[in-house]
Amino acid sequence: MFRSTIAVAGVGAALLSGCQQASVTVTDSSAGPQVIAASDIEAGRYVVLIGGCNDCHTPQYAVTGGAQPPESEWLQGSNEGHTGPWGTSYGKNLRLTVAGHSEDEWVQLLSTGSSLPPMPWPSVRAMSDADKRAVYRYIKSMPGDPGQPAPPPLPPGTAPTTPPAV
């Protein structure tokens, strides 16, 4: 088994907001690599940040020009549409999605899911089950209002009435 520890400092620590330094252990085993942090919740938060989940699933996250919404507003879904040949899709409210699934159902969803672009399903399916569980636990722990469902997708040729995603 190969094991390495990477200290994340500087920019990485700033991303982890408030952490002086985070340690990420990557283990190459039959289960594949996974993030190991002080808690599953911290590991899940890290995966959400580096995975770019907020870019589509948090209102105004990608269009603020650097000013990020507070964490209490993360992953509430977005009405900023992503338009392409598939029509227009919206980042789902992951807080409501998690609330409607058990942890095992969440892992299954992320392991087999598919939906419209720009959702990066190949990358999500490649995550270890441990990281999928950590993301679930992080989302379940989030403070604040869970928000409302994102708009349903629109078919090709239907003009969205919501702002476009950047």
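Now for a description of the structure that goes with this document. Because the structure is a prediction, the values reported are computed rather than measured.

Conventions we followed
- Residues numbered from 1 in each chain as written.
- Predicted model: local features only at pLDDT ≥ 70, side-chain atom pairs only at ≥ 80, totals over all residues.
- Heavy atoms only, no water.
- Helix = DSSP H or I, 4+ residues; strand = E, 2+ residues; numbered from the N terminus.
- Buried < 20%, exposed > 50% of the residue type's maximum accessible area, 1.4 Å probe, protein only.
- Axes fitted to C-alpha atoms, helices over the stretch in contact; angles between N-to-C directions.
- Parallel < 35°, antiparallel > 145°, perpendicular 65-115°, else oblique.
- Left-handed = near helix turned anticlockwise from the far one by under 90°.
- Contact = heavy atoms within 4.5 Å.
- Expected span 1.5 Å × (residues − 1).
- Core = buried A, V, L, I, M, F, W, Y, C linked by side-chain atoms within 4.5 Å.
- Nonpolar A, V, L, I, M, F, W, Y, C, P; charged D, E, K, R; others polar.
- Disulfide = S-S within 2.5 Å.
- 1 Å grid on protein atoms, 1.4 Å probe; cavity = no way out; pocket = protein on both sides within 12 Å on 5 of 7 lines; lining within 4 Å.
- Points joined across faces, edges and corners; volume = space filled by probe spheres on them.
- Salt bridge = Lys/Arg side-chain N within 4 Å of Asp/Glu carboxyl O.

**Structural notes on the environment of Pro 152**
Consideration 1: Positionally, Pro 152 belongs in the segment after α7 (129–141).
Consideration 2: Since its relative accessible area comes to 59%, Pro 152 is described here as exposed.
Consideration 3: Separated by 63 residues in the primary sequence, Pro 152 and Ser 89 place their C-alpha atoms 7.3 Å from one another.

**A look at the packing of helix α5 (residues 103–112) against α7**
Consideration 1: α7 packs onto α5 with a crossing angle of 125° between their chain directions and a minimal axis gap of 9 Å. As the angle between them shows, α5 and α7 are arranged oblique. For α5 against α7, the interelement crossing comes out right-handed. Counting all contacts with α5, which are made through Glu 103, Asp 104, Trp 106, Val 107, Leu 110 and Ser 111, the residues of α7 involved are Asp 129, Lys 132, Arg 133, Val 135, Tyr 136, Arg 137 and Ile 139.

**Observations concerning α7**
Consideration 1: The end-to-end C-alpha distance of α7 is 18 Å, a good match for the 18 Å that 13 residues give at a rise of 1.5 Å each.
Consideration 2: Along α7, the residues classified as buried are Asp 131, Lys 132, Ala 134, Val 135, Tyr 136, Tyr 138 and Ile 139.
Consideration 3: Contacts made by the buried residues of α7 are with α2 (40–50), α4 (94–99), α5 and α6 (121–126).

**Considering the nonpolar core**
Consideration 1: Trp 74, Leu 75, Trp 106, Val 135, Tyr 138, Ile 139 and Met 142 are the most contacted members of the largest nonpolar core, which totals 21 residues.
Consideration 2: Elements supplying a minimum of two residues to this core: α2, α4, α5, α6 and α7.
Consideration 3: Non-local contacts of Trp 106, meaning those with residues more than four positions away in its chain, are made with Leu 94, Thr 97, Val 98, His 101, Lys 132, Val 135, Tyr 136 and Ile 139.

**Notes on the packing of α2 against α7**
Consideration 1: It is at 7 Å that the axes of α2 and α7 come closest, and there the two elements cross at 100°. As far as their axial angle goes, α7 and α2 are roughly perpendicular. Note on element contacts: α7 touches α2 through Asp 131, Ala 134, Val 135, Arg 137, Tyr 138 and Ser 141, opposite Asp 40, Ile 41, Ala 43, Gly 44, Arg 45, Val 47 and Val 48.
Consideration 2: Taken together, the residues that form the contact of α2 with α7 break down as 7 nonpolar, 2 polar and 4 charged.

**What about the state of the cysteines?**
Consideration 1: Inspection of the entire model under this criterion finds 0 disulfides.
Consideration 2: The thiol of Cys 53 is not disulfide-bonded; the next cysteine sulfur, from Cys 56, is found 9.2 Å away.
Consideration 3: Owing to a relative accessible area of 22%, Cys 53 belongs among the partly exposed residues under this scheme.

**Quick notes on the layout of surface pockets**
Consideration 1: Volume-wise, the largest pocket comes out at about 720 Å³.
Consideration 2: The wall of the largest pocket is formed by 32 residues, among which His 57, Leu 94, Ser 115, Met 119 and Trp 121 lie closest to the centre.
Consideration 3: Across the lining of the largest pocket, the residue classes tally to 21 nonpolar, 10 polar and 1 charged.

**Looking at the pattern of salt bridges**
Consideration 1: Overall, the coordinates contain 6 salt bridges when judged by the stated rule.
Consideration 2: The salt bridge involving Arg 133 is made with Glu 103; its shortest N-O contact spans 3.0 Å. Of the two residues, Arg 133 is situated in helix α7 and Glu 103 in helix α5; the sequence distance between them amounts to 30 residues.
Consideration 3: For Glu 103, a relative accessible area of 18% translates into the label buried.
Consideration 4: Among the salt bridges present, the one from Arg 133 reaches Asp 104, with a minimum N-O distance of 2.8 Å. Remark: Asp 104 occurs in helix α5 and Arg 133 occurs in helix α7; sequence separation between them is 29 residues.
Consideration 5: Through salt bridges that share partners, Asp 40, Glu 103, Asp 104, Arg 133 and Arg 137 make up one connected network.

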